[in-house]
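# Geometric and topological summary
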Amino acid sequence: MTPNTDLNIPLFERAKALIPGGVNSPVRAFKAVGGTPRFVKRAQGAYFWDANDQRFIDYIGSWGPMILGHGHPAVLEAVQSAALEGFSFGAPTEREVELAEEILSLVPSMEMIRLVSSGTEAGMSAIRLARGATGRSKFIKFEGCYHGHADSLLVKAGSGLATFGNATSAGVPPEVVQHTIVLEYNNVAQLEEAFALHGKELACVMIEPIAGNMNFVRASVPFMKRCRELCTEYGALLVLDEVMTGFRVALGSAQSVYAKSIPGFKPDLTVLGKVIGGGMPLAAFGGPRAIMEHLAPLGGVYQAGTLSGNPVATACGLATLREIKKPDFFDALSARTRSLVDGLAAAAAAEGVPFSTDCEGGMFGFFLMPELPQNYAQVLKTDSARFNQLFHGLLDRGVYIAPALYEAGFVSAAHTADDIAATVAAAREVFKTL
Ligand SMILES: *Cc1c(COP(=O)(O)O)cnc(C)c1O
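Residues numbered from 1 in each chain as written. Predicted model: local features only at pLDDT ≥ 70, side-chain atom pairs only at ≥ 80, totals over all residues. Heavy atoms only, no water.

On to the overall build of the chain. Of the regular secondary structure elements, the chain holds 13 helices and 18 strands. Here the chain has a C-alpha radius of gyration of 21 Å; the compact-globule value for 434 residues is 22 Å, and the two agree. By principal-axis analysis of the C-alpha atoms, the chain measures approximately 60 × 55 × 45 Å. Split into buried and exposed, the 434 residues of the chain put 54% on the buried side. A total of about 18,100 Å² of accessible surface is found on the chain, and carbon and sulfur atoms cover 55% of it. Averaging the positions of the 36 positive and the 42 negative side-chain charges in the chain gives two centres separated by 2 Å. (Helix = DSSP H or I, 4+ residues; strand = E, 2+ residues; numbered from the N terminus. Rg over C-alpha atoms; globule rule 2.2 N^0.38 Å. Buried < 20%, exposed > 50% of the residue type's maximum accessible area, 1.4 Å probe, protein only. Areas by Shrake-Rupley, 256 points an atom, 1.4 Å probe, with all protein chains shown as cover. Lys, Arg positive; Asp, Glu negative; His and termini not counted. Charge placed at Lys NZ, Arg CZ, Asp CG, Glu CD.)

Structural data, given as C-alpha cells:
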C-alpha cells in the first residue's frame, strides 16, 4: 500500500488533531514500533478489517477479552436482547446476581464479588479494600507488573529496599507513592528481606501470576508459594491481579494452575477484568466474605460506580462465560495456542533466529532471545529493533500482534488450524529477513 492510498493515514491525522497522540490508550499509537496504527472498521471471528479493508488475523483480541473471537452468535444474541430491555438503570438487576453466581462458582477462592467497569478501577479498589481491612498502608508490587493506572500503582523501584518507589508518571506526587514498595519479580530473597523490614506494616502483596504486561513471564512456583506463606505469616493479603489471566489461562483462572503445584493455594483477593466482560466495560474484585464485608454499604471502605454491573455488559460477560465453561473448551483452546507457539519456535529455529516462548490456555508470549526471561530487567534485554522488524513484517502479511514487545498475545476459539498455519508461514518468511 503506497502511503497516499493508505486510508489509515488521514484518519490518524484527524485523530491526532483532536485526541492526544490520536488514541484513547497509549499503546495503540504504534509509538514503540513506528508507522501508522490500523483503524479498525469491523471484526468477525479471528479477524478484523482496517480502513483499507485489509484483513488481519487478530492476536490481540482487544488485549484479551475476545476469547470466543469477534461476533460470537450467542454473545451477540445476549447483548442485543439486553440492549432492547435498557442500557443502564442505576438500580440492581437479576443479571448482576447471575454473573456473580457464575464467577464465584468457577473461582472458589471468592465468596463475594463487586462488579466495576475497568481493570484499573478493580485494582485500585482492591488496594483500598486491603488497606481498609488490615488497617495498614504499605503494599508490595513487582517491577514489570501492570495493575491499571491508579496513582499509587504507577511506580518503579527506588534505589534500595529501604527506599520507596518513584512515580513513573508525571502528575503523581511522591507522597502518593510513598507507601508502595516495588520489588523484582521472582526474587525470593528480596521478598523475604522486604517482609523482614516492613512485614507488619503491609496491607497486601499485589501480583500478576503470569505477568502479561512484560510479554509473558510466569511467577515461579517457589516464588508464588513464598508470597502466599509470607502474607499469611505477617497478616498481609495476597492480591492476585487476574485481569488478564482470569478465565483466559484456565477456566479456574491462573490460581487454579498454581493450586496444582501448591496444595490448597488461594489468594485473599482476586482482581478480574477483560474476559469477564467479553469485550464490554466490566471488571470485578472479590474474596472471602469477611474481607468483602468491609465494603460500603456494609463497611467503611467506600467504593461506587454509576455504570457498575451495567446490564448490557453483564449480559455480554455472562454469555461469554457460559460458552467457555462448555466441556473441552479450554483443552481445545490450549492445543490451538500450543500449536501456534510450537510452529513459531520451529520456524525461528529453521531460520536460525534466537527464540523462546511459553503459553497457558489461550495466552502466549515469545521473546527473540534463547532463554525465557524471569523478570523485567531480563525482558528489557530483548532486541527491540528486531522485534519491530518482526512486527511490521507480520503486519504487512496480515497478521496483527501487539505493537510492543512488552505485551502478551491471545488466541481465540475462532482461530482455525489454517489461521495458525498461515501465521507460522508468514513468521517464517519474516524470520528469514531478520
Ligand atoms: C489490562 C490490565 C489491567 C487494567 O485493566 P483496564 O480495564 O485496562 O483498566 C490491570 N491489570 C492487568 C493485569 C491487566 O492486564
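Text resumes after the structure shown.
What follows is about the nonpolar core. Nonpolar side chains tend toward joint burial in soluble globular proteins. Of all hydrophobic cores here, the largest spans 68 residues; its most connected members are Tyr-59, Ile-103, Phe-247, Ile-324 and Phe-431. When residues of this core are assigned to their parent elements, the largest contribution, eight residues, is made by helix α10 (residues 329–350). Structurally, this core is a two-domain feature, drawing no fewer than three residues from each of domain 1 (8–71 + 327–431) and domain 2 (73–324). For Phe-431, the residues in contact, after removing those within four places along its chain, are Leu-344, Ala-347, Ala-348, Glu-351, Val-353, Phe-355, Leu-368 and Leu-390. Tyr-185, Phe-195, Ala-236 and Val-249 belong to the second-largest nonpolar core, a separate cluster that totals 41 residues. (Core = buried A, V, L, I, M, F, W, Y, C linked by side-chain atoms within 4.5 Å. Domains from an automatic or database assignment. Contact = heavy atoms within 4.5 Å.)

An order of β15-β16-β18 is seen for the three strands of this open sheet, with the pairing classed as antiparallel. With partners counted over all chains shown, the strands left at the sheet margins are β15 (356–360) and β18 (409–410), one partner each. Direction of pairing for β15 relative to strand β16 (residues 363–367): antiparallel, over a ladder of five bridges. Looking across to β16, one finds that Cys-359 is bridged to Phe-364. Docked against the sheet, α10 engages β15 and β16, running at close to 180° with respect to β15. (Pairing = 2+ DSSP bridges. Axes fitted to C-alpha atoms, helices over the stretch in contact; angles between N-to-C directions.)

Let us now look at the site of the ligand. Around the ligand, the surrounding shell consists of Ser-118, Gly-119, Thr-120, Tyr-146, His-147, Gly-148, Glu-208, Asn-213, Asp-241, Val-243, Met-244 and Lys-274. In the model, a nitrogen atom of the ligand is placed 3.2 Å from a nitrogen or oxygen of the Tyr-146 main chain. Calculation on the ligand without its partners gives an accessible area of 380 Å², and the protein chains cover 81% of this total. Grouping the constituent residues of the shell around the ligand by class yields three nonpolar, six polar and three charged. (Near = heavy atom within 4 Å. Polar contact = N/O pair within 3.5 Å; in protein donor to acceptor, adjacent residues only side chain to side chain. Nonpolar A, V, L, I, M, F, W, Y, C, P; charged D, E, K, R; others polar.)

Where helix α12 (residues 384–396) meets helix α13 (residues 417–433), the axes come as close as 9 Å, and the angle between the chain directions of the two elements is 135°. Here α12 lies oblique to α13, going by the angle between them. Considering the relative orientation of α12 and α13, their crossing is right-handed. Between α12 and α13, the residues in contact are Gln-389, Leu-390, Gly-393 and Leu-394 and Thr-423, Ala-426, Ala-427, Val-430, Phe-431 and Thr-433, respectively. For the contact of α12 with α13, the class distribution of residues is six nonpolar, four polar and no charged. (Parallel < 35°, antiparallel > 145°, perpendicular 65-115°, else oblique. Left-handed = near helix turned anticlockwise from the far one by under 90°.)

What follows covers the domain arrangement of the chain. By domain assignment, the chain separates into domain 1 (8–71 + 327–431) and domain 2 (73–324). The C-alpha centroid of domain 2 is placed 25 Å from the C-alpha centroid of domain 1. Facing 31 residues of domain 1, the contacting portion of domain 2 comprises 31 residues. Contact with domain 2 buries area across many residues of domain 1, yet Phe-330, Glu-360 and Met-363 alone supply 23% of it, more than any other trio. At the junction of domain 1 and domain 2, the tally comes to two salt bridges. (Buried area = accessible area lost by both parts, 1.4 Å probe. Salt bridge = Lys/Arg side-chain N within 4 Å of Asp/Glu carboxyl O.)

Roughly 570 Å³ of internal volume is contained in the second largest pocket. In terms of lining residues, the second largest pocket is bounded by 30 residues, among which Glu-96, Ile-113, Arg-114, Leu-115 and Ser-308 are the most central. Put simply, the parts of the chain that give the lining of the second largest pocket at least two residues each are α3 (94–106) and β4 (112–116). Residues that form the lining of the second largest pocket fall into these classes: 17 nonpolar, nine polar and four charged. (1 Å grid on protein atoms, 1.4 Å probe; cavity = no way out; pocket = protein on both sides within 12 Å on 5 of 7 lines; lining within 4 Å. Points joined across faces, edges and corners; volume = space filled by probe spheres on them.)

Our next topic: the environment of Val-379. With respect to the secondary-structure elements, Val-379 resides in helix α11 (residues 376–379). By relative accessible area, Val-379 is classed as buried at 0%. When the C-alpha atoms of Val-379 and Asn-215 are compared, they prove to be 8.2 Å apart, with 164 residues separating the residues in sequence. The residues contacting Val-379, other than those within four sequence positions of it, are Met-214, Val-217, Phe-367, Met-369, Pro-373, Leu-405 and Tyr-406.

Look at helix α2 (residues 73–85): 19 Å from first C-alpha to last across 13 residues, which is about the 18 Å you get at 1.5 Å a residue. Every buried residue of α2 is accounted for by Val-75, Ala-78, Val-79 and Ala-82. For α2, the buried positions fall inside an angular range of 95° around the axis, keeping them on one side. Along α2, the residues that are exposed and aim more than 90 degrees away from the buried face are Pro-73, Glu-77, Gln-80 and Leu-84. Tucked inside the fold, the buried residues of α2 contact α3 and α9 (311–324). Positive phi shows up at Gly-86, right after α2, with a value of about 135°. (Expected span 1.5 Å × (residues − 1). Arc of directions from axis to C-beta.)

Another point: the pairing of strand β3 (residues 55–58). Of the strand pairs in this sheet, strand β2 (residues 47–50) and β3 are connected by three bridges, and their pairing is antiparallel. Along β3, the bridge assignment pairs Tyr-47 with Ile-57. Taken together, β2 and the strand that follows it, β3, pair antiparallel across an intervening segment of four residues, in which Asp-53 is found at a positive phi of about 60°. Pairing of β3 with strand β17 (residues 399–400), which is carried by two bridges, proceeds in the parallel orientation. Counted as the bridge partner of Asp-58 is Tyr-400 from β17.

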